[in-house]
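# Overview (structure and organization)
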Amino acid sequence: MMLDLVAYGAFFLTIALTYAIISLGLNVQWGMTGLFNVGIAAFVAVGAYTSAILTTPETADRFGGFDMPIVVGWLGAALVAGALSWGVGALTIRLRADYLAIATFGVAVTVQLCMLNLQPLTGGAFGIGFIPRPFAGLQGDALLFSLANCGLMAVVVLSLYLALQHLSRSPWGRVLRAIREDEAAAQALGKQPVRFRLQAFTVGGAIMGLAGAAQAHFIGFIAPDNYMPVLTFQVWAMLIVGGSGNNRGAIAGAVLVWGLWAVTAAAVSAFVPPEDQARAAALQIVAIGVGLCLMLLLRPRGLFGEVSPLARSSTKPPLSAKE
Amino acid sequence: MNPQFLMDGLIAGAIIGLGAIGVTLTYSILRFSNFAHGELLSWGAYLALGISSALGVLGAGSTKPLGPFSFGWSLPVAAVLAIILTGLLALAVDALLFSSFRRRGSAIIIMVMASFGASLALRSLLEFLFTSKPAYFSQALQIAMKLGGGLRATPDQLAMLVVALLSVIAVHLVMTRTDIGRAMRAVSENPGLAGIAGIDVRRVIRTVWFLGAALACIAGMMSGLIIQIRPYLGHDLLLPLFAAAILGGIGSVPGAMIAGLVIGLCEAFTVQIIGAEWRAAVSFAILIAVLVVRPRGLFGKAS
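Since the structure is predicted, the reported quantities are computational estimates derived from the model, not experimental observations. Every chain is numbered on its own, with residues counted from 1 as its sequence reads. For this description, chains carry letters from A and ligands carry numbers from 1, given in the order in which they are written. Since the coordinates come from a predicted model, pLDDT governs what is reported: local features require at least 70, and pairs of side-chain atoms require 80 or more to be given and counted, while whole-chain, interface and lining totals use all residues. Hydrogens are left out, water is left out, and the side-chain values use all remaining heavy atoms of the structure.

Moving on, we come to the overall build of chain B. Strands are runs of DSSP state E lasting at least two residues, helices are runs of H or I lasting at least four, and both sets are numbered from the N terminus onward. Within chain B, the secondary structure is distributed over eleven helices and two strands. Ordering the α and β elements of chain B from the N terminus gives α-α-α-α-β-β-α-α-α-α-α-α-α. The globule rule used here is 2.2 Å times the number of residues to the 0.38 power, and the radius of gyration it is set against is calculated over C-alpha atoms. Radius of gyration (C-alpha) of chain B: 19 Å, near the 19 Å computed for a compact globule of 303 residues. For chain B, the spread of C-alpha atoms along the principal axes amounts to about 55 × 50 × 35 Å. Here chain B holds 303 residues, and the buried ones make up 57% of them. Should any heavy atoms of two residues lie within 4.5 Å, those residues are counted as being in contact. Taking the contacts inside chain B whose residues are at least 6 apart along the sequence as the reference set, 75% of them involve residues at least 24 apart. For the area figures, the Shrake-Rupley method with a 1.4 Å probe applies, and any residue is considered shielded solely by the protein chains shown. Element-wise, carbon and sulfur atoms account for 68% of the exposed surface of chain B, whose accessible area totals about 12,100 Å². In this charge count, Lys and Arg are treated as positive and Asp and Glu as negative; neither His nor the chain ends contribute. Where a charge lies is defined by one atom per residue type, namely NZ (Lys), CZ (Arg), CG (Asp) and CD (Glu). For chain B, the distance from the average position of its 20 positive side-chain charges to the average position of its 11 negative side-chain charges is 6 Å. Exposure categories follow from relative accessible area, calculated using a 1.4 Å probe and restricted to protein chains: below 20% of the type maximum is buried, above 50% is exposed, and the middle band is partly exposed.

Structure below.
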């Protein structure tokens, strides 16, 4: 019983940490740079599918099945998702800020369509199965297997955290924040905002792709349903709750929001009669939406606000004249 | 090629155009992309459905089909009430959410994010109340009439096209012939200056929400009557709405309507030559093309 709990805890934490990776990626885009990405699910999905196609054993009815090592899959996932972000960013990042939001929303819709309809590549609605799992040799022992995976994910999150901490303190990170706070001033100092924004958007997208691959390999199966818009919302809620601009906040927010989500989902399946569970799940999503809005209204800096001499100012004058 | 795609495209385009007018008005007056606008379409459709079913329970004759149409007089009555209620819903969301961001002078992107949260909550609330099962205003089947030139349309479809046309004319008259319309255009040009010139900016904002929501409700009802009513009705139309608002040129009401028709026709054309499964990608392709080639759209002013 005790061991079951430990195994479940490790399983829960592994999933939460894969979300932490996405949240860290979003923090590079939004927290550090102020780029609003509404298509997170698309970048995660592209990473997951890329890695799945590279690493699954050969299949007769589908392209891919290259049977490559998991590491190659993960790197490929980051590369392809990064390339997609670069492409979307290159087209829209010099335009008005919310054009990027609209474009990424469109990317999410389009990637969803591709997952469903490019059957020879993605397996269509049935998705891709038999994705190799890390430490597959330990699969006989559920506890050991969960702990090993959890350990792997912890190592990935920790290394990513250290790398991003380093990046955000580096001159590069300082330029990003300077551009976010006052573009004209940064430009006057000879920095090219468009170039830096595009770099940040690409790095963030690549991290999301990596997260998608990590998730896919842990679960062993992917399908278009895993990458619905609600994934995007969950990650946004995680970063806003944790505190955007703060890498520790991004990780803590991910674990916390995923924890709340898992607890309420468990409560729904335990206490709600089966015929009403779909409705209860809808109510759960209402709660995330309302929670996101409340957090923005009441505590926009999140649980862990940004720790930086250049904290984002919450007031900008131009619109205040209206009311 | 079957010319029928023109009729399908025209109807889809009218729905997109009516919705896009709300997006473009919100953008030009409040200066943010409202991701919750699609939900106003869905709420409008469900409100009309709820009211017309209630009327059907009260008066048994109210659902008896009127002439060639599939609906009885309960639907037009419900439509009027639903339009008002959808407008009030938009005003309520603004009062609860967006007005406090405006007061604080929050960054625009924070409002976009809040609209994102609002959209999620509003849509899932519909799913909670009505479940995700599709609903219909009427189960009556309609035979399409031949219109000549190989075109066919049901009486419902023709009625909806007339309603869309009348709505656009009404909005155009409001924008060009009334004081509030002039005030709206003034605020969209320069909110600060308009405020100094004695224009009640808050009243303009309320009008924009009400007008946009009313048109969204009409578009939602059209979509519900011609296809079906689902909680995702508006969400699935959001990308076409944005694409139309941007293609038409942000802030341009006629632009939004014309761009809506263009997108509807392109979608119908794509369905005919490639297949229905790629319909949703059409708006994305148009959106990216406009952003790359002409970000200010067809009728937008250079900024």
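Turning our eyes to something else, we now look at the packing of aromatic side chains. Aromatic rings from Phe, Tyr and Trp, with only the six-membered ring used for Trp, were paired whenever their centres fell within 6.5 Å, and each pair was classed as stacked if the ring planes differed by under 30 degrees, edge-to-face if by over 60, and tilted otherwise. Overall, the coordinates contain 18 aromatic pairs over all chains when judged by the stated rule. Between the aromatic rings of F233(A) and F116(B), the centroid separation amounts to 4.4 Å while the plane-to-plane angle is 40°, which identifies the pairing as tilted. With one member in each of two chains, F233(A) in helix α10 (residues 229–242) and F116(B) in helix α4 (residues 108–130) form a pair that bridges those chains. Of the residues examined, F233(A) reaches a relative accessible area of 2% and is grouped as buried. For F116(B), a relative accessible area of 4% translates into the label buried. Sitting over the face of the ring of F196(A), R195(A) holds its NZ or CZ atom 5.8 Å from the ring centroid. The rule for a charge over a ring is simple: NZ of Lys or CZ of Arg within 6 Å of the ring centre, and within 35 degrees of the ring normal.

Attention shifts here to the pairing of strand β1 (residues 145–148) of chain B. Residue and element names in this part refer to chain B. Taken together, the three bridges between β1 and strand β2 (residues 151–153) define a ladder with antiparallel strand orientation. Note on β2: the bridge partner recorded for K146 is R152. Two strands pair if DSSP finds at least two bridges between them. Counting the residues between successive antiparallel strands, the hairpin from β1 to β2 contains two residues, one of them, G149, with a positive phi of roughly 65°.

Counting residues at the interface gives 58 residues for chain B and 47 residues for chain A. Carbon and sulfur atoms make up 77% of the surface buried where chain B meets chain A, a total of about 4,800 Å² over both sides. Interface area lost by chain B to chain A is led by M113(B), F116(B) and L120(B), which between them contribute 14%. Salt bridge, as applied in this entry: a Lys or Arg side-chain nitrogen positioned within 4 Å of an Asp or Glu carboxyl oxygen. In this structure, the connection of chain B to chain A is made through zero salt bridges. By the criterion applied in these results, polar contacts are pairs of N or O atoms within 3.5 Å in which, for protein atoms, one can donate a hydrogen and the other can accept it, and in which residues neighboring in sequence qualify only through two side-chain atoms. Counting across the chain B and chain A interface gives eight residue pairs in polar contact (both at pLDDT 80 or more). Listed by contribution, the elements that provide at least two residues to the side of chain B that touches chain A are α1 (4–30), α3 (74–104), α4, α8 (201–226), α9 (233–248) and α11 (279–293) of chain B. Top contributing element to the side of chain B that touches chain A by residue count: α4(B), with 19 residues. Residues that form the side of chain B that touches chain A fall into these classes: 40 nonpolar, ten polar and eight charged. The buried area of a pairing is the accessible area, by a 1.4 Å probe, that goes missing from both parts when the two are put together, added over both. All amino acids are sorted into three groups, where Ala, Val, Leu, Ile, Met, Phe, Trp, Tyr, Cys and Pro are nonpolar, Asp, Glu, Lys and Arg are charged, and the leftover types, Gly among them, are polar.

Another point: α1(B). Residue and element names in this part refer to chain B. Every helix has an expected span of 1.5 Å times one less than the residues it contains. Under the 1.5 Å per step criterion, the end-to-end length of α1 is 39 Å for 27 residues, consistent within 8% with the ideal 39 Å. When you tally the buried positions in α1, you get 24 out of 27 residues, the bulk of the element. Downstream of α1 by one or two residues, R31 has phi in the positive range, about 70°.

A few words now on the pattern of salt bridges. Residue and element names in this part refer to chain B. Applying the stated criterion to the full structure yields seven salt bridges over all chains. Across the pair E39 and R123 runs a salt bridge whose closest N-O atoms are separated by 3.2 Å. Of this pair, E39 sits in helix α2 (residues 37–58) while R123 sits in helix α4, and the two are 84 residues apart along the sequence. Each of the two residues, E39 as well as R123, counts as buried. A salt bridge links D236 to R230; its shortest N-O distance comes to 3.2 Å. Its relative accessible area of 43% is what places D236 among the partly exposed residues.

With that out of the way, let us pick up helix α3 (residues 70–92) of chain A. For α3(A), spanning 23 residues, the distance from its first C-alpha to its last is 33 Å, which sits close to the expected 33 Å at 1.5 Å a residue. Here α3(A) has its buried residues at G73(A), W74(A), G76(A), A77(A), A78(A), A81(A), G82(A), S85(A), V88(A), G89(A) and T92(A).

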